[in-house]
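Chain by chain, the residues run as shown.
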Amino acid sequence: MTGVGVASETDRRSLLRAYRENGDLAARDRLVEDFMPLISSLARRYAGRGEQLEDLQQVAALGLVKAIDRFDLDREVDLVTYIFPTVVGELKRHFRDRVWAVTVPRRLKELYQQLSRLVEDLSALKGRSPTISELAAAADVTEEEVVEALEAGRAFTARSLTTLHEGQDGDVELIDLLEDEERGYEAADNRELLAAGLKSLDERERRILQLRFVEGLTQSQIAADVGVSQMHVSRLLRQTLEKLEREIESP
Amino acid sequence: MSADRVMLTLPIEGYENVARLVSGGLASRLDFGFEAVDDLQLAIELVLRSLPGRSGSVDISLVDQGGSLTVVIGPVGSLSLEQRLQPLDGAGVELGRSLSRLVDSVEIAPGPTGPTAVLAKKLPARAR
């Protein structure tokens, strides 16, 4: 296994035990740090499929923390053999939730990716959210193309896990592309997800809604708080709204 | 129709993207920032998705008021700003409170065919 830090398995178990049994957060952080090379490596493996690397690294890190929280210390397996499929499962779940929902021309997908970066760069440069005309100038396209690409980006949205599970349309091919290593733990994770369905919002979605609608933070402030891009926050807000609607329709 | 007013009539169900495109296009002409455009679109979508009953059509009027953009959506039937988004914050958060995070003012006002939701978003001072 490549990309794992310098600690031995014994060291890692000691750190995990210190975290679990004594609530030693420094031990957990040390463990996270030790696995970060692996996390970055896995995130890079899934880059180039329409998502930004920084977002994928965030997703992978979330998977790592979940794995650390769930690993059964009584099991006679290396920690890394549990972390690896859990993180891969988290990345796959991320893609399952965010496949392009409609056919979007390649030029718009590429422009959307370009705009994602420009929003971050121009926001940092100007200290405020850039206007559509500023984005258009920076990307050397028309304002209409910017609006069109931003709308196209919203097609990069939530898709029912059940639909994908049942393989009712061709987009399941994306998942086929992502199929790889160990499946045992991941299959268990997916069963849990499917059992829960989409009726409940996950922790991050709840937090983003809470920050936006209750605490009144802006998208860029939420992005900084949660550690994802502003446009990712925008997409998550919309996806969560769609879930809210489904929840209201079928209580 | 004056040049600073855009009107749409849309089926309630499944046309949120059309409302987003048009409102985004108009807001960008008024030089709103990316985030303000997104908030305005989200507010419109939140109203559309909260409408009681999912059949029929709804009118959306977008008016450049010079310094602000006003969006009138209606008829909204029994839509109430007090209704709650349940999964939020335990007991739920009021729709009106959620909308007020996205736009500068929100109210339910009478319209020609029934109650309407009126949203207003101010232009940032630098753009006026």
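Note that the coordinates shown come from a computational prediction; the quantities given were computed from them, not determined experimentally.

1. Describing the overall build of chain B
Here is step 1 of the chain: Within chain B one finds 3 helices and 7 strands.
Here is step 2 of the chain: Split into buried and exposed, the 128 residues of chain B put 38% on the buried side.
Here is step 3 of the chain: Taking contacts inside chain B between residues at least 6 apart in sequence as the whole, the part at least 24 apart equals 63%.

2. Considerations on the overall build of chain A
Here is step 1 of the chain: When its secondary structure is counted, chain A shows 13 helices and 0 strands.
Here is step 2 of the chain: Considering chain A as a whole, with its 251 residues, one finds that 33% of them fall into the buried category.
Here is step 3 of the chain: Taking the contacts inside chain A whose residues are at least 6 apart along the sequence as the reference set, 68% of them involve residues at least 24 apart.

3. Focus on the nonpolar core
Here is step 1 of the chain: Counting 54 residues, the largest nonpolar core has Leu115 of chain A together with Ala43 of chain B as the members making the most contacts within it.
Here is step 2 of the chain: Per-element accounting of this core gives the leading share, 10 residues, to helix α2 (residues 34-50) of chain B.
Here is step 3 of the chain: Residue contributions to this core reach at least three from each of two domains, namely domain 2 (106-153) and domain 3 (199-251) of chain A.
Here is step 4 of the chain: Look past the residues within four positions of Leu115 of chain A in its chain and what remains in contact with it is Leu135, Ala139, Val146, Ala149 and Leu150 of chain A.
Here is step 5 of the chain: Grouped together as the second largest cluster of nonpolar side chains are 23 residues, Phe35, Leu38, Ile83 and Leu91 of chain A included.

4. Focus: the interface of chain B and chain A
Here is step 1 of the chain: Contact residues are listed per partner, giving 26 residues for chain B and 30 residues for chain A.
Here is step 2 of the chain: At the level of secondary structure, the elements contributing two or more residues to the side of chain B that touches chain A comprise α1 (16-29) and α2 of chain B.
Here is step 3 of the chain: A total of 9 residues in the side of chain B that touches chain A trace back to one element, the largest contributor, which is α2 of chain B.
Here is step 4 of the chain: Residue composition of the side of chain B that touches chain A, grouped by class: 11 nonpolar, 7 polar and 8 charged.

5. Topic: the confidence of the model for chain B
Here is step 1 of the chain: On average, chain B scores 85 in pLDDT, and the residues at 70 or more come to 88%.
Here is step 2 of the chain: For this predicted complex, the interface confidence score (ipTM) comes to 0.74, while the overall pTM stands at 0.59.

6. Some words on the environment of Val59 of chain A
Residue and element names in this part refer to chain A.
Here is step 1 of the chain: Tracing the backbone through its elements, the reader meets Val59 in helix α3 (residues 53-70).
Here is step 2 of the chain: Residues Val59 and Leu91 lie 32 residues apart in sequence; the distance between their C-alpha atoms is 6.3 Å.
Here is step 3 of the chain: Apart from the residues within four sequence positions on either side, Val59 is in contact with Glu90, Leu91 and His94.

The rules behind each value
- Residues numbered from 1 in each chain as written.
- Chains lettered and ligands numbered in written order.
- Predicted model: local features only at pLDDT ≥ 70, side-chain atom pairs only at ≥ 80, totals over all residues.
- Helix = DSSP H or I, 4+ residues; strand = E, 2+ residues; numbered from the N terminus.
- Buried ≥ 20, exposed ≤ 12 C-beta atoms within 10 Å, placed from the backbone.
- Contact = placed C-beta atoms within 7 Å.
- Core = buried A, V, L, I, M, F, W, Y, C linked by C-beta atoms within 7 Å.
- Domains from an automatic or database assignment.
- Nonpolar A, V, L, I, M, F, W, Y, C, P; charged D, E, K, R; others polar.
- pLDDT = per-residue confidence, 0-100.

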